[in-house]
Structures are given as C-alpha cells and as structure tokens.
Amino acid sequence: GDLALRVLGRAGLSREDVEVSYENDTLIVKGEKEERAEKKHQRGVVRREYHTRFDRSFSVHGIDPDQVAAKMENGILVVTLPKSRERLGRKISVS
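Residues numbered from 1 in each chain as written. Predicted model: local features only at pLDDT ≥ 70, side-chain atom pairs only at ≥ 80, totals over all residues. Heavy atoms only, no water.

Enquirer: What exactly am I supposed to notice about the nonpolar core here?
Expert: If you look at the biggest cluster of nonpolar residues, it comprises eleven residues: Leu 13, Val 18, Tyr 22, Leu 27, Val 29, Phe 54, Val 60, Ile 63, Leu 77, Val 79 and Leu 81. With three residues, the top contributor of residues to this core is strand S6 (residues 76-81). (Core = buried A, V, L, I, M, F, W, Y, C linked by side-chain atoms within 4.5 Å. Buried < 20%, exposed > 50% of the residue type's maximum accessible area, 1.4 Å probe, protein only. Helix = DSSP H or I, 4+ residues; strand = E, 2+ residues; numbered from the N terminus.)

Enquirer: Mind showing me how you'd approach the pattern of salt bridges here?
Expert: It is possible for side chains bearing opposite charge to pair when their charged atoms get close. By the definition in use, this model includes seven salt bridges. The shortest N-O distance in the salt bridge between Arg 36 and Glu 34 comes to 3.7 Å. We classify Arg 36 as exposed; its relative accessible area is 62%. Where Glu 49 meets Arg 36, a salt bridge forms, and the shortest distance between an N and an O atom there is 3.7 Å. Linking Glu 49 in strand S4 (residues 44-59) with Arg 36 in strand S3 (residues 26-41), this pair joins segments that are 13 residues apart in sequence. (Salt bridge = Lys/Arg side-chain N within 4 Å of Asp/Glu carboxyl O.)

Enquirer: Would you mind going over unusual backbone geometry with me for this structure?
Expert: Glycine aside, negative phi is the norm for most residues, and most peptide bonds take the trans geometry. Although it is not a glycine, Asn 24 adopts a positive phi angle of roughly 50 degrees. Under the relative-accessibility criterion, Asn 24 is labelled exposed at 73%. Even without being a glycine, Asp 25 presents a positive backbone phi close to 60 degrees. Tracing the backbone through its elements, the reader meets Asp 25 in the loop between strand S2 (18-23) and S3. The exposure class of Asp 25 is partly exposed, given its relative accessible area of 28%.

Enquirer: For this particular structure, what's the right way to read the side chain of Ser 84?
Expert: Checked against the element boundaries, Ser 84 lands in the loop between S6 and helix H1 (85-88). Ignoring any residue separated from it by four or fewer positions in sequence, one finds Ser 84 in contact with Gly 62, Ile 63 and Asp 64. (Contact = heavy atoms within 4.5 Å.)

Enquirer: Can you walk me through the sheet that holds S2 in this structure?
Expert: Note on sheets: strands pair through backbone hydrogen bonds, and any given pair is parallel or antiparallel. Pairing within the open sheet is antiparallel, and its three strands lie in the order S2-S3-S4. If you trace the sheet from one side to the other, it starts and ends with S2 and S4, each paired once. Taken pair by pair, the neighbouring strands of this sheet meet at an average axis angle of 10 degrees, ignoring direction. Relative to S4, S3 runs antiparallel, the two being bridged by 16 bridges. What sits directly across from Leu 27, in S4, is Phe 58. (Pairing = 2+ DSSP bridges. Axes fitted to C-alpha atoms, helices over the stretch in contact; angles between N-to-C directions.)

Below you can see the structure in the form of structure tokens.
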C-alpha cells in the first residue's frame, strides 16, 4: 500500500505555514511560523516574539510524484506517498 508519513507537529501550525514538494526522489518540507504574545503585569507589559523556520528533506524512492498528497490534521502534517505503479510490477501474459 501507500506510505503515510507524519512529518511534523506543532500546536498552532497551519497549512499556510508549510510548503511541501517532491523532486528527484526527495520529499522536501519547509516553512516558517511567527508568533507574538503579550502579557500584562503590574510593572509593565512583557512582549515575546517567536520566529521558527524549518526545512527537512527525506529520500524516498519508487513514488508516483503526481499522486503525492499532504494535509494538516490537528497541527500534524501528514504526507501520503503512493507507490509508483511502474515499480509495483505486473503480471505478464504468455502468448
């Protein structure tokens, strides 16, 4: 069957934060996320800013690149990598 790969998960991560591509037998996942938080205290305000950038690649052979699909499920990126029909083999009739 197909290979389903859970690539990464992070609270607050959305599909707009992630880019997925497949080229030369390599799955590439990259993106970035900016977060800002502000908390008021008696003596003032504390502001925090977070900027996260990620870039991961995985060597995956025998995949049908036209059928690769990605979706976000509760902050977890799931990439489905269907096997290439050419690499599955086939029965050859003898005439």
